[in-house]
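Inside the fold
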Amino acid sequence: FCGLLDLLAAAGCRAASPMQLIAPGPAVLLASALAARPAARGGRPFCMGGGFGAAARDTFKYSGKVRPGKQSPKRSVPKSISKPDYWKDGQPKARGPMLPWQIQKKSEADIEGMRAAGRIAREVLDLAGAAVAPGVTTEAIDALVHEAAVSRGAYPSPLNYHGFPKSCCTSVNEVICHGIPDSSKLRDGDIVNIDITCYYGGYHGDCSETFLVGEVDEAGRQLVKVTHDAWQAAIAYCAPGKEYKGIGAIIEDYIAPHGYSTVREFCGHGVGSVFHETPNVIHARNNEPGTMQVGHTFTIEPMICEGVEKHILWRDGWTATTKDGKRSAQFEHTLLVTPDGIEALTARTENSTPFWWEK
C-alpha cells in the first residue's frame, strides 16, 4: 500500500482528497492513504433512473473501461491471530515519528520480525499471482489472499485499515492503486497489480507486482517491464548516506525516454510495526528531507503511467485511476538499509512466477 495518512493528518495537513494529502510549508508532502469515508463522495453514490422502481444508474464519468463490480461481505479473521490496532474500528492508534526527517531505526528484533512478515507477504503474493488468468474474478483473488494469510497466522493488513473492505488491492489497467476486489472478471489482455501486506508477529510486510492476464499487447508488456526496471534502478541506488529524494530522480529519469509519467500524489513510505510511517518516498523529483541510515525500513513502489499521471477518485473513496484512462503499472518491495546497501525483505524466491521477459 502506498500512503501516509496517519502521519500527515496528525501534522495538520489539509486533505485534497482522502488519498491525497498536501502538507503546508516549503517541503510539500504528497502522500496517498486509505481513509475511512462513506461510499459516496461529492454527492450521492449513484443517480436513480427516472420513475418509481427504476434501476439504479451509475452516472460517474469513468476515465477508462474498468467499472466496479459487486463486493462480497467483509471477511473475518480467526480470534487466534494477532491483529493490528485498527482491525476492529478501522482507526490506527500507533504512530511513527511525527516529522518527515525523523525516521525510526529498527532494532535487530524488529528486523527479524519484519523478515518473517516479509516472507509471508511474498508467499501470499506469489500464490495470488499464480491465480491470475482470464475469467478469474478479483474477488476470487482476494479470497485466496485472505485464506493464504490467515493459514500462515497472519492478518491481511489492508482489511479494515481506515475501513478498507478487502484483504488486498487489485488494480486493473487504468487503476493506479487501491482497487477493491469484486465480482469483475479479468479479461485477456489486461494487466493487474496485486498489492499484498501481511501483519505477522507485530510487523507489516508490504509488496506488490503487476501481472499479465493472458496475451497482453506489446505496449502493455513494455509498460510493465519499464516500470519494473525503473523500480530496480531505484532500489540499486539505495545505501547508507543516500538521500531519499534521490529515489524519485532515478525513476523519473529512467522512464522519461519511454514517454511515461510517474505518479506524484501516491508514494512509498516507512513501514514496521506501524503500517505507514516516515519517510515519504516520492517517485518523482522532490525536496523531501531524510537520509538513509542502517536500520531504516521503507517501501519503494512507483506507479508508472502510459499517459498523464493525474488521477480521478471513484465514488467508493478508494479506487484511483488515471485521468486519461491509460494504463498504469506498479511494483513494490519492503526494503531494509544494511551496512552493505539494501535488502529486500519481500524478495522473490525460486517459487515466484517468472516475469514475461524471463520465460
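Details of the structure are given in the entry above.
None of these values were measured; they are calculated from a predicted model.

Things to note about unusual backbone geometry
It is generally the case that most residues other than glycine have a negative phi and that most peptide bonds are trans. Residue Pro-279 is reached from Thr-278 by a cis peptide bond, and omega for that bond is 10°. Relative to the elements of secondary structure, Pro-279 occurs in strand S13 (residues 277–281). A positive phi angle is found at Asn-173, which is not glycine, with a value near 55°. Relative to the helices and strands, Asn-173 is located in the loop between strand S7 (169–172) and strand S8 (175–177). Backbone geometry places His-178, a non-glycine residue, at a positive phi of 65°. Judged by its relative accessible area of 1%, His-178 falls in the buried class.

Some words on the packing of aromatic side chains
By convention here, two paired aromatic rings are described through the distance between centres and the angle between planes. Evaluated as defined, the whole model comprises 10 aromatic pairs. A centroid spacing of 4.9 Å and a plane angle of 70° characterise the contact between Phe-60 and Tyr-62, whose relative ring orientation is edge-to-face. A relative accessible area of 18% places Phe-60 in the buried class. Note on Tyr-161 and Phe-275: the rings are 4.7 Å apart at their centroids and 55° apart in plane angle, and the pair reads as tilted. You can see Tyr-161 sitting in the loop between strand S6 (155–156) and S7 and its partner Phe-275 sitting in the loop between strand S12 (268–270) and S13, a full 114 residues away along the chain.

Rules used in this analysis
Residues numbered from 1 in each chain as written. Predicted model: local features only at pLDDT ≥ 70, side-chain atom pairs only at ≥ 80, totals over all residues. Heavy atoms only, no water. Helix = DSSP H or I, 4+ residues; strand = E, 2+ residues; numbered from the N terminus. Buried < 20%, exposed > 50% of the residue type's maximum accessible area, 1.4 Å probe, protein only. Phe/Tyr/Trp six-rings, centres within 6.5 Å; stacked < 30°, edge-to-face > 60°.

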